[in-house]
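For reference, the chains in residue letters:
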Amino acid sequence: MLTEEVRREADQYLMNTYARLPLSIARGRGARVYDLEGREYIDFVGGIAVNLLGHGHPDLVLAIQKQVVHLIHASNLYYTEPQVKLAKALVEHSFADKVFFCNSGAEANEAAIKLARRYAHDKHGSGRFQIITMKNSFHGRTLATLTATGQEKVQKGFEPLMPGFTYVPFNNLEALEQALSDQTAAIMLEPVQAEGGVHVVHQAYLARVRELCRERDILLIFDEVQTGMGRTGTLFAYEQLGVQPDIMTLAKGLGGGVPIGACLATNAVAKAFTPGSHASTFGGNPLACTAGLTVMQVLLEGRVLDHAKRMGDYLAKGLQDCKDRQPSVKEVRGLGLLQGMELAVDGKAVVEKAQSRGLLLNCTMDRVLRFVPPLVITQAEIDRLLDVLPHLIPAATQAGHHN
Ligand SMILES: *Cc1c(COP(=O)(O)O)cnc(C)c1O
């Protein structure tokens with residue numbers, strides 16, 4: 001099939017939930033992907049921060065191939081080795097003592113929300129249920145997680161929303177202190193708001209949030225679904241921020257492309273879950289956990305993580321240089337290989353033009369170009385972006401004429 005035919009059939013058979021670009025990706029290698037017509041693209045989207053080791057990483061391919069032959073799924077009625085090994089690897093390299101596996105970021109956050117409610121309920125009674133989240137956050141599309149998400153456009157038309165959530169502006173300590181009450185069970189935030197336009201949490205703010213939580217036995221939940229697994233230059237973003245959470249969620253990069261999510265917690269918190277509290281049929285299945293374990297092993301070996309950190313710095317500097325020369329670039333923000341470039345103009349046209357020049361880019365919040373390439377992206381590939389990008393961004397004065 002060619003892209004046109006796939007598009008026609010997609011329109012006919014798929015629910016209309018995505019505004020897709022006119023491109024059908026057929027295969028990939030490293031940080032390159034190829035469409036059905038055989039055209040090559042450098043991939044700065046990486047399946048939205050998912051294809052962590054790039055496409056076709058030999059270790060990941062081999063591990064998955066082997067596991068498929070042994071066992072794909074067994075359910076959580078029984079023990080399986082890959083699940084335990086992945087949990088052990090995550091625990092040994094994080095603040096956490098215990099892990100619950102599921103299949104996506106939203107599910108990981110559902111688990112975190114349930115765990116926080118159960119912990120607060122058991123320890124402080126049924127009046128403690130409220131979770132404070134941030135405006136412009138993104139936590140998923142299930143009913144609880146779209147409620148946690150501080151963006152009206154995600155919630156509109158799905159009311160009534162889940163009770164027990166309240167929102168405060170990100171990085172605003174005063175607003176947070178005012179929102180705290182006897183009902184507060186947890187504070188949930190992304191160390192870098194990614195979908196929300198790539199905003200990095202302030203370290204001093206986070207330190208104070210940690211203190212407030214400790215003083216009042218409020219749980220601190222980090223949604224590291226996008227920032228986790230080396231994306232920001234350390235295995236988890238919180239390692240750079242000097243603050244540990246009580247609960248952390250992972251998904252996107254964890255399986256290197258195989259769907260898997262995880263909710264991690266300290267022993268004190270995790271013990272609020274007992275048999276029957278929470279479950280997932282697919283959660284932690286041997287195939288997904290083998291993928292996750294391989295991703296962990298590659299990251300822990302060190303070279304990919306070092307490379308990602310260097311490439312993150314290189315990309316950030318290149319984007320800053322571009323900003324200095326382009327008045328229609330307002331700001332460059334990010335950590336590691338999660339970078340955002342805020343434009344004074346619409347980003348959609350830039351993404352479309354980039355595609356015709358062989359670059360896959362993503363735009364969030366209308367005007368923020370978000371760069372989340374595979375961690376194995378090369379300097380030459382970043383150079384290609386930096387050569388082309390300045391020519392794709394229109395001068396701010398033209399912005400009005402575009403729409
Ligand atoms: C993508 C994302 C989610 C949702 O993950 P899904 O796998 O799409 O459910 C939640 N939180 C953050 C920070 C994300 O980036």
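Residues numbered from 1 in each chain as written. Predicted model: local features only at pLDDT ≥ 70, side-chain atom pairs only at ≥ 80, totals over all residues. Heavy atoms only, no water.

Under an unreviewed UniProt entry, the name given to the protein chain is Acetylornithine aminotransferase, and the organism recorded is Nitrospira tepida. What UniProt records for the protein chain under Catalytic activity (unreviewed entry) is the sentence "N(2)-acetyl-L-ornithine + 2-oxoglutarate = N-acetyl-L-glutamate 5-semialdehyde + L-glutamate". Comment text from UniProt for the protein chain, heading Pathway (unreviewed entry), reads "Amino-acid biosynthesis; L-arginine biosynthesis; N(2)-acetyl-L-ornithine from L-glutamate: step 4/4." (UniProt positions renumbered as here; feature names shortened; annotations may be inferred.)

**Student:** Explain the nonpolar core here, please?
**Tutor:** Soluble globular proteins tend to pack their nonpolar side chains together in the buried interior. Counting 81 residues, the largest nonpolar core has Ile 187, Met 341, Phe 371 and Leu 389 as its most contacted members. Here this core gets eight residues from one element, more than from any other, and that element is helix α11 (residues 286-301). Both domain 1 (4-56 + 303-392) and domain 2 (71-300) contribute no fewer than three residues apiece to this core. (Core = buried A, V, L, I, M, F, W, Y, C linked by side-chain atoms within 4.5 Å. Buried < 20%, exposed > 50% of the residue type's maximum accessible area, 1.4 Å probe, protein only. Helix = DSSP H or I, 4+ residues; strand = E, 2+ residues; numbered from the N terminus. Domains from an automatic or database assignment.)

**Student:** Sorry if this is basic, but what is going on with the pattern of salt bridges here?
**Tutor:** Any two side chains of opposite charge can pair, so long as their charged atoms come close to each other. A complete count under the given rule lists 19 salt bridges for this structure. The shortest N-O distance in the salt bridge between Asp 35 and Arg 39 comes to 3.0 Å. Residue Asp 35 is classed as buried on the basis of its relative accessible area, which comes to 3%. The class of Arg 39 is partly exposed, set by a relative accessible area of 47%. Asp 217 is the partner of Lys 123 in a salt bridge, and the nearest nitrogen-oxygen pair spans 3.0 Å. Residue Lys 123 is located in helix α5 (residues 105-124), and its partner Asp 217 is located in the loop between α9 (203-216) and β10 (219-223); the two are separated by 94 residues in the primary sequence. Three or more residues are tied together by salt bridges with common partners; here these are Glu 177, Arg 208, Glu 211 and Glu 215. (Salt bridge = Lys/Arg side-chain N within 4 Å of Asp/Glu carboxyl O.)

**Student:** In this structure, what is going on with the sheet that holds strand β1 (residues 25-29)? I would like to understand it.
**Tutor:** What holds strands together in a sheet is hydrogen bonding between their backbones, with the strands either parallel or antiparallel. Pairing is mixed across the open sheet formed by four strands, whose spatial order is β1-β2-β3-β15. The open sheet has two free edges, formed respectively by β1 and β15 (359-360), since each of these has just one partner strand. Looking at chain direction, β1 and strand β2 (residues 32-35) are connected through four bridges and run antiparallel. Within the sheet, the bridge partner assigned to Ile 25 lies in β2 and is Asp 35. (Pairing = 2+ DSSP bridges.)

**Student:** What's the story with the state of the cysteines in this structure? I'm lost.
**Tutor:** Applying the stated criterion to the full structure yields zero disulfides. The thiol of Cys 213 is not disulfide-bonded; the next cysteine sulfur, from Cys 263, is found 16 Å away. By relative accessible area, which is 1% here, Cys 213 ends up buried. With no disulfide partner, Cys 322 has as its closest neighbouring cysteine sulfur the one in Cys 363, 15 Å distant. (Disulfide = S-S within 2.5 Å.)

**Student:** Even after reading the chapter, I still don't get the site of the ligand, so can you show me in this structure?
**Tutor:** Neighbouring the ligand are 13 residues, the closest being Gly 105, Ala 106, Asp 223, Gln 226 and Lys 252. Within the backbone of Phe 138, an N or O atom sits 3.2 Å from a nitrogen atom of the ligand. Measuring from an oxygen atom of the ligand, one finds a side-chain N or O atom of Lys 252 at 2.6 Å. When isolated, the ligand has an accessible area of 380 Å², and the protein chains bury 80% of it. For the shell around the ligand, the element with the most residues is α5, which contributes three residues. Across the shell around the ligand, the residue classes tally to three nonpolar, six polar and four charged. (Near = heavy atom within 4 Å. Polar contact = N/O pair within 3.5 Å; in protein donor to acceptor, adjacent residues only side chain to side chain. Areas by Shrake-Rupley, 256 points an atom, 1.4 Å probe, with all protein chains shown as cover. Nonpolar A, V, L, I, M, F, W, Y, C, P; charged D, E, K, R; others polar.)

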